[in-house]
There are 2 protein chains.
Amino acid sequence: MLEKVNLNETCDKETYKNKIEPLKERLASLDQPIKAAGLPVIILFEGWEGAGKGHVISKLILNFDPRWFSMVNTLPPTQEELREPMMWRHWKTIPEQGQMTVMDRSWYQEVSTLRLEGNIDELTNIRHMNEINNFEKGLVDNGYLIIKFFLHISRKEMKKRLESLKEKKSTRWRVTEADERSVKEYDKCYDAYEQMLEYTNSPIAPWHVISAMDERLCCLEVFKIVADEIATALELKKDRDEAAKRTSSVIMPGQYHFVKMPELSEVELKGKILTREEYDKQLKHEQKRLSDLHNRIYLEKIPVIIAYEGWDAAGKGGNIKRVSAALDPRGYEVMPIASPTKEEKNRHFLWRFWTRLPKDGHVAIFDRTWYGRVMVERIEGFCSPADWQRAYGEINDFERQLYDWGAAILKFWIHIDNDEQLRRFNDRQNTPSKQWKITDEDWRNREKWPAYEEAVNDMFRYTSTDFAPWHIIEGNDKYYARVKTLKIINDTIEARLNETKKRKR
Amino acid sequence: MLEKVNLNETCDKETYKNKIEPLKERLASLDQPIKAAGLPVIILFEGWEGAGKGHVISKLILNFDPRWFSMVNTLPPTQEELREPMMWRHWKTIPEQGQMTVMDRSWYQEVSTLRLEGNIDELTNIRHMNEINNFEKGLVDNGYLIIKFFLHISRKEMKKRLESLKEKKSTRWRVTEADERSVKEYDKCYDAYEQMLEYTNSPIAPWHVISAMDERLCCLEVFKIVADEIATALELKKDRDEAAKRTSSVIMPGQYHFVKMPELSEVELKGKILTREEYDKQLKHEQKRLSDLHNRIYLEKIPVIIAYEGWDAAGKGGNIKRVSAALDPRGYEVMPIASPTKEEKNRHFLWRFWTRLPKDGHVAIFDRTWYGRVMVERIEGFCSPADWQRAYGEINDFERQLYDWGAAILKFWIHIDNDEQLRRFNDRQNTPSKQWKITDEDWRNREKWPAYEEAVNDMFRYTSTDFAPWHIIEGNDKYYARVKTLKIINDTIEARLNETKKRKR
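Residues numbered from 1 in each chain as written. Chains lettered and ligands numbered in written order. Predicted model: local features only at pLDDT ≥ 70, side-chain atom pairs only at ≥ 80, totals over all residues.

**Section: the overall build of chain A**
Moving on, step 1. Broken down by element type, chain A carries 21 helices and 10 strands.
Moving on, step 2. When its C-alpha atoms are laid out on the principal axes, chain A stretches across 85 × 55 × 40 Å.
Moving on, step 3. By the burial criterion, 38% of the 505 residues in chain A qualify as buried.
Moving on, step 4. Put simply, of all contacts in chain A between residues at least 6 apart along the chain, 85% involve residues at least 24 apart. (Helix = DSSP H or I, 4+ residues; strand = E, 2+ residues; numbered from the N terminus. Buried ≥ 20, exposed ≤ 12 C-beta atoms within 10 Å, placed from the backbone. Contact = placed C-beta atoms within 7 Å.)

See below:
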């Protein structure tokens, strides 16, 4: 794509003046409609060192109300960020509905300069680019507008600009080692950029590769593209929102290997019981195992993600307590997931989970999870059919990234039957010390049992991948359920530790 | 305080068993009342390396529902954290109402081990301890319960425990350099701990210094203190909340030097105007100055905090735009402050500002600020009289910490008169493209002009300190206001840069 850019064109002062003024006015009038329409906008700038990203950005943002956009200056990842999946630090910056983010460098840093510096191999790099494509697709599918610029200059021009920065004392400090390197290794960088541009030039978020040889021309092009793209997005948005409410998409859970799961109705709950004596003994044994494994995952920096779903009153709380009791309190966190806050609702639905991921070597226990999208949100109509149908694939992509990052992923459905739930609800209702545990909402949800059962079966069908399979825990007997959960956690972590060892050899 | 601890006492197994069970039951029954009462609880553990903090914490939290507390494991500050004021990273972790935070190490790390390692001088250390005392007082005044434990062991015991860790391969990695050092430099550490304990042993958050020589005894004491303190806090809370609604405190803005400010009614607005020509020339000049200064503050790592307050329609937005236009977009952020979210309301009112501080060398522009506490919250009754009266001192302490961190602090009141506001409101009402800027709320606020005027005068009186004085900007003429604001920003930053230079010599 780079060779197609005309680097020789220029623009004289007069033409610039005539053309830029109407563009400025168009841009200045966009703040309010963006806010009113609730459109989230990401404008990102990549390009050669010295191409003038900072300069164009400064000019561009003068047209916006500084209270309504935020600037993201993407630096190389910190030590803390390196302990998370690649896309973690970028997820954190995505704007809310009606807000705009202007990015000086972005997630493309990982697959260009950082890739070259870190000697990332070809296969890993392609995986990273796939993650980026999935990320952008997910955002666009969820209503985001992404405008991507790559500012291109020739090697000669880049050299000239860096020289001139180095001449003046007041600007010399701006020239970094990375800058020097891009001049020296222009060809190598060129190939890396070209591959990146080709591979991530998706129709939903295409690249605008622009000559930055002439400052004026560059500004004109950038201003025009931003104004056009936002105007188009605003026009389309209303139709899209309307259409999304009516239509359903085809469920596309992604190209993964799925594990065959039983229907909920086929799960045998009877006889899955432990005596108090068996329980005490086996619980102690499995907790000791987990406690030892926690040391090992800490040392080998394996992240562990444990996701709990299940019927109301299935015993998730007590189950979680038996797991956390075996863990070093400095190395785990329990995340109760309630209904999303306003800030969370106004972003991609996975945002609040991305921002709650553990560090490597740590354990995160989610009490209810991202599967809310295909259960409560589906059933209560909190999102459109297209939204929840698309979510199976989005969730699989998410979990795959966690897996590729090295995580052990555990997903539990704590299962009880309808009668057992009623018994427990009545017990809560009739025991003063437990009454706070039961609400009208629980009774209402109980009436929707068949709808939930259908949703759970769909969830098993479309998200039980070989790298993150579902585990059904027979929960009518809490002792049995707790021991089974702990055992699966231990087995999975052990297997993951062994895999990691093999890979290292 | 350390020498008063009896390190020889022990507890036999039988006594332990009899005593611990009722304590466990008491603790387990606290989750629900804490949540119901909305009490925020911080339990922190400090002490010698090897004293067994981790062990006691593990035992303690087994009694709580893992979904209702969070564990904070305080590590040495990261590079990112070192670019913020000392208390920044600790503010981030404070719990919401009804939640509990259990801390393995805490802000006391800064005035004990980190102090010794970093060779912090005596005066700075006392300042740090004062910041901690202010921080804890602020939390307790705002309804928090803080329970502080220091686990004490003898040098001999510490040495023995570290030796036994080093013997086993599976635990050897746990012994750090810091551990070794505390054995070697026991006396030095002892003195530092003793000073810290004495100086921060406030009646509102006293230290519990406990012998950790005997594990059982230590657990018993910790469990009992936690259960007692929480029970007492719950009992007192209702009375306190009631009393707070009725009573007023005496305004105590703190022991600072205050700058004499005029009453708002004395401010002369007439004649403070610039022609378009003067404006263009002076604006360009001041923007160029600011642009150059931005480079310098970046290089010298000076943080800049700019706070905008003023009447509705005073022209804050346009003013901010002229300031931000002169800044490198990678080095500033504009923070529009709306009404607080639920998460923000449920914490200390300064939390949402602490978490929005810039890095050093960066500029943060606040469009409305922490002064909402003594203006809108006071006038609308969103907080109690005692709350806003106490806030003057809390705000001064906050700004002093920013100043001591090295920040240049700028506080602007953009002032217009009542007639000018009416004119602008009507203009907005009658111009279709501006109608979104005016709401019923604005008209309602306008009716409360006299109440706001009184609040603004109080704010000037009690918070215009010599290190963070208020600047009144005559705003009937927007040109005049913008240039004056920019000039003050430039002068203040310049002065701060020169001070920093002098200090370095």
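**What to know about the nonpolar core**
Residue and element names in this part refer to chain A.
Moving on, step 1. In terms of nonpolar packing, the biggest core is built from 115 residues, with Ile43, Val102, Leu151, Val222, Val304, Ile306 and Ile365 touching the most fellow members.
Moving on, step 2. At 9 residues, helix H11 (residues 215-246) tops the list of elements feeding residues into this core.
Moving on, step 3. Both of domain 1 (2-245) and domain 2 (267-504) provide at least three residues apiece to this core.
Moving on, step 4. Those residues in contact with Ile365, other than ones at most four positions away along the chain, are Ile306, Ile320, Val323, Ser324, Tyr332, Val334 and Met335. (Core = buried A, V, L, I, M, F, W, Y, C linked by C-beta atoms within 7 Å. Domains from an automatic or database assignment.)

**Re the interface of chain B and chain A**
Moving on, step 1. Each partner contributes residues to the interface: chain B has 34 residues there, and chain A has 34 residues.
Moving on, step 2. Going through the elements one at a time, helix H3 (53-61), strand S2 (69-73), helix H13 (316-324), strand S7 (332-336) and helix H14 (342-345) of chain B are the ones with two or more residues in the side of chain B that touches chain A.
Moving on, step 3. Taken together, the residues of the side of chain B that touches chain A break down into 13 nonpolar, 10 polar and 11 charged. (Nonpolar A, V, L, I, M, F, W, Y, C, P; charged D, E, K, R; others polar.)

**Focus: the domain arrangement of chain A**
Residue and element names in this part refer to chain A.
Moving on, step 1. According to the domain assignment, chain A consists of domain 1 (2-245) and domain 2 (267-504).
Moving on, step 2. Here domain 1 and domain 2 have C-alpha centroids that lie 39 Å from each other.
Moving on, step 3. Opposite the 19 residues of domain 1 that make contact, domain 2 presents 19 residues.
Moving on, step 4. Where the side of domain 1 that touches domain 2 is concerned, the elements lending two or more residues are helix H4 (88-91), helix H6 (122-141) and H11.
Moving on, step 5. Along the lines of polarity and charge, the residues of the side of domain 1 that touches domain 2 split into 7 nonpolar, 4 polar and 8 charged.

**So, the environment of Leu497(B)**
All names here are of chain B.
Moving on, step 1. Checked against the element boundaries, Leu497 lands in helix H21 (residues 478-504).
Moving on, step 2. The spatial distance from the C-alpha of Leu497 to the C-alpha of Val5 is 49 Å, given a sequence separation of 492 residues.
Moving on, step 3. Residues within four places of Leu497 in sequence aside, it is in contact with Arg296, Ile297, Glu300 and Ile302.

**Looking at the sheet that holds strand S9 (residues 408-415) of chain B**
Residue and element names in this part refer to chain B.
Moving on, step 1. Here we have 5 strands laid out as an open sheet, ordered S7-S8-S6-S9-S10, and parallel in their pairing. A strand with exactly one partner marks an edge of an open sheet, and here the two such strands are S7 and strand S10 (470-474). On average, each strand axis in the sheet is tilted by 20 degrees relative to the strand beside it, whichever way the strands run.
Moving on, step 2. By the bridge criterion, 5 bridges tie strand S6 (residues 304-310) to strand S8 (residues 363-367) in an arrangement that is parallel. Residue pairing for S8: Ile305 is matched across the bridge by Ala364. (Pairing = 2+ DSSP bridges. Axes fitted to C-alpha atoms, helices over the stretch in contact; angles between N-to-C directions.)

**Overview of the sheet that holds strand S1 (residues 41-47) of chain A**
Residues and elements named next belong to chain A.
Moving on, step 1. The parallel open sheet is built from 5 strands, whose spatial order is S2-S3-S1-S4-S5. The open sheet has two edge strands, strand S2 (69-73) and strand S5 (207-211), and neither has a second partner. The sheet shows a mean angle of 20 degrees between the axes of neighbouring strands, direction not considered.
Moving on, step 2. Running over the sheet, H11 touches S1, strand S4 (145-152) and S5 and is turned about 165 degrees from S4.

**Here we look at unusual backbone geometry**
Residues and elements named next belong to chain A.
Moving on, step 1. Backbone geometry places Asn119, a non-glycine residue, at a positive phi of 50 degrees.
Moving on, step 2. Within the secondary structure layout, Asn119 lies in the loop between helix H5 (113-118) and H6.
Moving on, step 3. Overall, Asn119 belongs to the exposed group, with 6 C-beta atoms counted inside 10 Å.

**Notes on the packing of helix H1 (residues 13-28) of chain A against H11(A)**
Residue and element names in this part refer to chain A.
Moving on, step 1. Contact geometry of H1 with H11 gives a least axis separation of 10 Å together with a crossing angle of 30 degrees. Relative to H11, H1 is oriented roughly parallel. Where H1 crosses over H11, the two elements pack in a sense that is left-handed. Contacts between H1 and H11 involve Tyr16, Lys19, Ile20, Leu23, Arg26 and Leu27 on the former and, on the latter, Arg216, Cys219, Leu220, Phe223, Lys224, Val226 and Ala227.
Moving on, step 2. The class makeup of the residues in the contact of H1 with H11 is 9 nonpolar, no polar and 4 charged. (Parallel < 35°, antiparallel > 145°, perpendicular 65-115°, else oblique. Left-handed = near helix turned anticlockwise from the far one by under 90°.)

**Focus: the packing of helix H7 (residues 155-167) of chain A against helix H9 (residues 177-184) of chain A**
Residues and elements named next belong to chain A.
Moving on, step 1. Running from N to C, H7 and H9 cross one another at 150 degrees; their axes reach a closest spacing of 9 Å. In terms of orientation, H7 lies roughly antiparallel with respect to H9. Considering the relative orientation of H7 and H9, their crossing is left-handed. Counted together, Arg155, Met158, Lys159 and Leu162 of H7 and Asp179, Ser182 and Val183 of H9 form the full contact between these two elements.
Moving on, step 2. Residue composition of the contact of H7 with H9, grouped by class: 3 nonpolar, 1 polar and 3 charged.

**Details of the relation of the copies chain B and chain A**
Moving on, step 1. With an RMSD of 0.0 Å, chain B superimposes on chain A once it is rotated by 180 degrees and translated 0.0 Å along the axis. Those values place the two copies in the arrangement expected of a two-fold rotation axis. (Least-squares fit on C-alpha atoms with pLDDT ≥ 70 in both.)

**Structural notes on the pairing of strand S9 (residues 408-415) of chain A**
Residue and element names in this part refer to chain A.
Moving on, step 1. Counting buried positions along S9 gives 7 out of 8 residues, so the element sits mostly inside the fold.
Moving on, step 2. Direction of pairing for strand S6 (residues 304-310) relative to S9: parallel, over a ladder of 7 bridges. Its bridge partner lying in S9, Glu309 is registered against Trp413.
Moving on, step 3. Where S9 meets strand S10 (residues 470-474), 5 bridges bridge the pair, whose relative direction is parallel. Counterpart to Trp413 in the pairing with S10 is Ile472.

**Observations regarding the environment of Ile305(B)**
All names here are of chain B.
Moving on, step 1. Mapping Ile305 onto the fold places it in strand S6.
Moving on, step 2. Ile305 gets classed as buried once you count the C-beta atoms within 10 Å, which come to 23.
Moving on, step 3. Each residue touching Ile305, except ones within four places of it in the same chain, is listed here: Ala364, Leu402, Ala407, Ile409 and Leu410.

**Notes on the environment of Tyr108(A)**
Residues and elements named next belong to chain A.
Moving on, step 1. Residue placement: Tyr108 occurs in the loop between strand S3 (100-104) and H5.
Moving on, step 2. Of the residues examined, Tyr108 has 27 C-beta atoms within 10 Å and is grouped as buried.
Moving on, step 3. For the pair formed by Tyr108 and Leu44, sequence separation is 64 residues and the distance between their alpha carbons is 9.5 Å.

**Notes on the confidence of the model for chain A**
Moving on, step 1. Confidence in the prediction for chain A averages 92 pLDDT; 99% of positions are at 70 or higher.
Moving on, step 2. Predicted complex metrics record ipTM = 0.76 and pTM = 0.85. (pLDDT = per-residue confidence, 0-100.)

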